[in-house]
Amino acid sequence: MAQWLKTQIKRENGETIEAQAPIIISASRSTDIPAFYADWFFHRLKIGYSAWTNPFNGVKGYVSYKNTRFIVFWSKNPRPLLPYLHILKEHNIKCYIQYTLNDYEQEKFEKVPPLANRIETFKLLVEQLGKGTVIWRFDPLILTDEISVDVLLKKVQDIGDKLKDYTEKLVFSYADIAMYKKVKHNLEVNGIPYHEWEIEQMEDFAEKLSTINRERGWNFQLATCGEKINIDKYGILHNRCIDGDLIARLSWEDKELMDFMKVKIEDIPAPSLFGNPELPKGAILLPNNHYFISTHKKDPGQRQFCECMVSKDIGEYNTCPHLCEYCYANVTKQLALQNWECHKANPWGETITGK
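In this report, the structure presented in the accompanying data block is examined.

### Some points on the packing of aromatic side chains
In the structure shown here, the tally under the stated rule is 22 aromatic pairs. Ring geometry for Tyr49 versus Tyr62: centroids 6.3 Å apart, planes at 45°, classification tilted. Separated by 13 residues along the polypeptide, Tyr49 in strand β4 (residues 49-53) and Tyr62 in strand β5 (residues 60-64) bring together distant segments of the chain. Grouping residues by exposure puts Tyr49 and Tyr62 together as buried. Here Phe172 and Tyr174 contribute two aromatic rings whose centre-to-centre distance is 5.6 Å and whose plane-to-plane angle is 80°, an arrangement assigned as edge-to-face. Put simply, the rings of Phe41, Phe42, Tyr65, Phe73 and Tyr84 pair up and form one aromatic cluster. Across the ring face of Tyr49, the terminal group of Arg44 is positioned such that the distance to the ring centre comes to 4.8 Å.

So, in structure tokens, the structure goes:
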């Protein structure tokens, strides 16, 4: 599944060129498309294609939306998506949202709307898309001179109490600063007195979070993103941010997508004189007496401890104006702002930057 079908597209300048035609889109690990580029994205969806620049070799590639059936959005402020969601329905495209909803307001680590506004956005999206389509991320968990494990737990608890009944899952990650030179550099340049996580602290946080989840009746599925540590004894899984099983749950009636994912939708047999039928191990229940067996496969191109399935990311690094102090996607704030200005000068261009 790693190789997408190719198709010929006609660019707006009249040139005919080859493009990838992915079925599953990631928008995006590299930048916040919903917050800053929603207008651009839905314009490009209408045009039928967009372009992106490979971060490793600088070569421009093209992505056709001809075959797109599902989009995973990533955002810290997805409110600009709200007026566009009907367009996805018109294109027969389903979606879910990885919503990073942190509370670093006092520390000013992120340039995002007030927390109350972001929580309201979360609920508005759930009202339109349905429960299970908006996933809460508190990511990353940062320790500093002022932020301890218990302080982080209090921050998470306060948000969790407000999101109870609005989501099925909470995803988190421990800030692994030494591994990412850009993150380390950005924190040091901005004078953030960060601490690296110790294994004992990770275990302590996981155990206490699990207890909070149970005692406060959240009943969220807890999961870590890209973490090596195994804390499943606390009921915490390794997450799949591009999750084949969730995509199947939300789009099981889309035969084209299910065929691509090799998911077979089965009917639950009717009860007999001997009672209800016993379903196969690992069966995932669907509406209207259907079920499927997971065929989720990890994308071999992702990090070792990433469980995502294959998708095509359409974003570009160095384009996110959130300017988070811990950012891994921007080399510098200045470069991100320069590219943001380039976008505003050409907001409907083939690429996010308009270049």
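### Some points on the pattern of salt bridges
If you walk through the whole model with that rule in mind, you get 24 salt bridges. A salt bridge links Glu256 to Arg69, with the shortest nitrogen-to-oxygen separation between them at 3.5 Å. Within this pair, whereas Glu256 is found in helix α9 (residues 255-261), its partner Arg69 is found in the loop between β5 and β6 (70-75), the two being separated by 187 residues in sequence. The class for Glu256 is partly exposed, based on a relative accessible area of 40%. A salt bridge links Glu107 to Lys155; its shortest N-O distance comes to 3.2 Å. Here Lys155 lies in helix α5 (residues 149-163) and Glu107 lies in the loop between β7 (94-100) and α4 (115-129), a separation of 48 residues in the sequence. For Lys155, a relative accessible area of 9% puts it in the buried group. Overlapping salt bridges bring together Lys169, Arg240, Asp243 and Asp245 as one network.

### Structural notes on the sheet that holds strand β13 (residues 236-238)
Strands sit in the order β13-β12-β10-β8-β7-β6-β3-β17 across an open sheet of eight strands; the sheet is parallel. Each of the sheet's edge strands pairs with one partner strand only, and the pair in question is β13 and β17 (312-313). Sheet analysis places strand β3 (residues 24-27) next to β6, joined by four bridges and oriented parallel. The residue bridging Ser26 from the neighbouring strand is Val72, located in β6. Here α5 sits on the sheet in contact with β8 (134-141) and β10 (169-174), set at roughly 170° to β8. In the packing of helix α7 (residues 199-215) onto the sheet, the strands contacted are β8, β10, β12 (221-224) and β13, and the crossing angle to β10 comes to about 165°.

Analysis parameters
Residues numbered from 1 in each chain as written. Predicted model: local features only at pLDDT ≥ 70, side-chain atom pairs only at ≥ 80, totals over all residues. Heavy atoms only, no water. Phe/Tyr/Trp six-rings, centres within 6.5 Å; stacked < 30°, edge-to-face > 60°. Helix = DSSP H or I, 4+ residues; strand = E, 2+ residues; numbered from the N terminus. Buried < 20%, exposed > 50% of the residue type's maximum accessible area, 1.4 Å probe, protein only. Lys NZ or Arg CZ within 6 Å of the ring centre and 35° of its normal. Salt bridge = Lys/Arg side-chain N within 4 Å of Asp/Glu carboxyl O. Pairing = 2+ DSSP bridges. Contact = heavy atoms within 4.5 Å. Axes fitted to C-alpha atoms, helices over the stretch in contact; angles between N-to-C directions.

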